[in-house]
Amino acid sequence: MQARHQVFAFCRNASQDLRSVRPKSIIENFDVTNQITMRVGLRSLDSAKLDWLIHVSGLLRPVTFSRFNQSSLLEQFQVNAIGPVLTVQAFLPYLAQRSKIVILTSKLGSIKENVSGGSYGYRMSKSALNMAGKSMSEELRPRGKTLFLLHPGFVKTDMTGFRGNINPAESARAMIKIISTKSLRDSGSFFNIDGTKLPW
Ligand SMILES: NC(=O)c1ccc[n+]([C@@H]2O[C@H](COP(=O)([O-])OP(=O)(O)OC[C@H]3O[C@@H](n4cnc5c(N)ncnc54)[C@H](OP(=O)(O)O)[C@@H]3O)[C@@H](O)[C@H]2O)c1
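Everything quoted here is computed from the prediction, not taken from an experiment.

## Describing helix α3 (residues 70-91)
So, step 1. The first and last C-alpha atoms of α3 sit 30 Å apart over 22 residues, in line with the 32 Å expected at 1.5 Å per residue.
So, step 2. Of all the bends in α3, the largest measures some 45° and sits at isoleucine 82, one to four residues before the proline proline 84.
So, step 3. Taken residue by residue, α3 has Ser72, Leu73, Gln76, Val79, Asn80, Ala81, Gly83, Pro84, Leu86, Thr87, Val88 and Phe91 as its buried positions.
So, step 4. Tucked inside the fold, the buried residues of α3 contact β1 (8-10), α2 (35-42), β3 (50-55), β4 (95-104), α4 (120-140) and β5 (146-150).

Laid out in structure tokens, this is it:
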């Protein structure tokens with residue numbers, strides 16, 4: 001993202017970190033599982049047409065085979081798999097003609113890469129997200145919209161208890177590079193943070 005780009009940050013509650021990067025606008029009370037709060041938040045875009053939509057929100061809760069918690073599993077499906085579809089639907093009228101839509105998914109949603117099991121709710125919901133993303137990419141391609149799924153790396157954030165290989169700024173820089181270089185012919189792919197394709 002270059003300095004001239006204007007960022008509209010939609011979130012539930014703005015963190016100090018978000019405020020410190022000084023986006024053009026911060027729109028709070030935006031819950032990706034609630035279409036009413038989404039519609040209210042989107043009014044602040046007015047007549048803006050966005051070039052990029054980056055869906056970041058996600059939820060990781062421990063659900064194991066022996067401790068299979070249905071309500072936790074469903075909550076992760078709501079945020080990780082259904083939320084991104086609602087987000088893309090809601091933002092569609094505000095996207096520029098040849099815009100790019102990027103949804104943060106996870107390697108843990110890859111069936112081929114799964115060699116350890118565990119994390120049932122997270123893995124299952126991210127796999128479902130990958131399928132939803134691929135479907136949306138096919139439907140939006142004729143409208144000139146690029147949509148792909150992106151694994152942001154193993155990043156030191158709240159989600160990982162600040163364990164990881166890279167920090168959020170490094171991940172964000174790598175993501176911006178990938179989003180800048182990918183185009184309609186890459187739509188429907190599942191990319192790793194180094195720009196290579198991941199297996200479903
Ligand atoms: N960190 C990693 O190593 C890693 C690896 C692979 C994939 N990812 C993916 O990358 C994305 C970002 O992860 P992260 O590490 O930054 O996670 P994080 O530190 O846990 O942050 C998750 C964000 O999602 C928001 N969120 C959760 N539920 C929401 C909802 N219903 N509506 C709106 N926002 C909601 C949270 O908002 P609140 O602050 O309001 O709770 C929080 O800002 C996620 O999709 C994650 O699955 C991360």
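## Overview of unusual backbone geometry
Excluding glycine, most residues fall at negative phi; most peptide bonds, likewise, are trans.
So, step 1. Backbone geometry places arginine 22, a non-glycine residue, at a positive phi of 50°.
So, step 2. The topology assignment puts arginine 22 in the loop between α1 (16-20) and β2 (25-27).
So, step 3. In this structure arginine 22 comes out as exposed when scored by relative accessible area, which is 72%.
So, step 4. With phi around 65°, phenylalanine 162 is a residue other than glycine that occupies positive phi space.
So, step 5. Along the chain, phenylalanine 162 falls in the loop between β5 and α5 (168-181).
So, step 6. Judged by its relative accessible area of 52%, phenylalanine 162 falls in the exposed class.

## A closer look at the side chain of serine 99
So, step 1. With respect to the element layout, serine 99 can be found in strand β4.
So, step 2. Looking at serine 99, its side chain comes within polar contact range of the main-chain oxygen of alanine 96, at 2.9 Å.
So, step 3. In this structure serine 99 touches Leu50, Asp51, Gly144, Lys145 and Thr146, once residues within four positions along its chain are discounted.

## Description of the packing of α3 against α4
So, step 1. Their axes nearest at 8 Å, the elements α3 and α4 cross at an angle of 15°. With respect to α4, the element α3 is oriented roughly parallel. Seen along the crossing, α3 lies across α4 with a hand that is right-handed. On α4, the residues that touch Leu73, Gln76, Phe77, Asn80, Ala81, Pro84, Val85 and Val88 of α3 are Tyr120, Gly121, Tyr122, Met124, Ser125, Lys126, Ala128, Leu129, Ala132, Met136 and Leu140.
So, step 2. Taken together, the residues that form the contact of α3 with α4 break down as 14 nonpolar, four polar and one charged.

## Topic: the pattern of salt bridges
So, step 1. All chains considered together, the criterion is met by three salt bridges.
So, step 2. In this structure, the salt-bridge partner of arginine 19 is glutamate 28, at a minimum N-O distance of 3.7 Å.
So, step 3. The partly exposed category is assigned to arginine 19, whose relative accessible area is 39%.
So, step 4. As a salt-bridge pair, arginine 141 and glutamate 138 come within 3.1 Å of each other at their nearest N and O atoms.
So, step 5. Judged by its relative accessible area of 26%, arginine 141 falls in the partly exposed class.
So, step 6. Linked by salt bridges that have partners in common, Lys134, Glu138 and Arg141 make up one network.

## Concerning the environment of glycine 144
So, step 1. For glycine 144, the position within the fold is in the loop between α4 and β5.
So, step 2. Overall, the relative accessible area of 9% leaves glycine 144 in the buried class.
So, step 3. Note: C-alpha distance between glycine 144 and glutamine 6 (138 residues apart in sequence) is 22 Å.
So, step 4. When near neighbours in sequence (up to four residues on either side) are disregarded, glycine 144 contacts Gln97, Arg98, Ser99 and Leu184.

What counts and what doesn't
Residues numbered from 1 in each chain as written. Predicted model: local features only at pLDDT ≥ 70, side-chain atom pairs only at ≥ 80, totals over all residues. Heavy atoms only, no water. Helix = DSSP H or I, 4+ residues; strand = E, 2+ residues; numbered from the N terminus. Expected span 1.5 Å × (residues − 1). Bend = angle between axes of the 7 residues up to and from the residue. Buried < 20%, exposed > 50% of the residue type's maximum accessible area, 1.4 Å probe, protein only. Contact = heavy atoms within 4.5 Å. Polar contact = N/O pair within 3.5 Å; in protein donor to acceptor, adjacent residues only side chain to side chain. Axes fitted to C-alpha atoms, helices over the stretch in contact; angles between N-to-C directions. Parallel < 35°, antiparallel > 145°, perpendicular 65-115°, else oblique. Left-handed = near helix turned anticlockwise from the far one by under 90°. Nonpolar A, V, L, I, M, F, W, Y, C, P; charged D, E, K, R; others polar. Salt bridge = Lys/Arg side-chain N within 4 Å of Asp/Glu carboxyl O.

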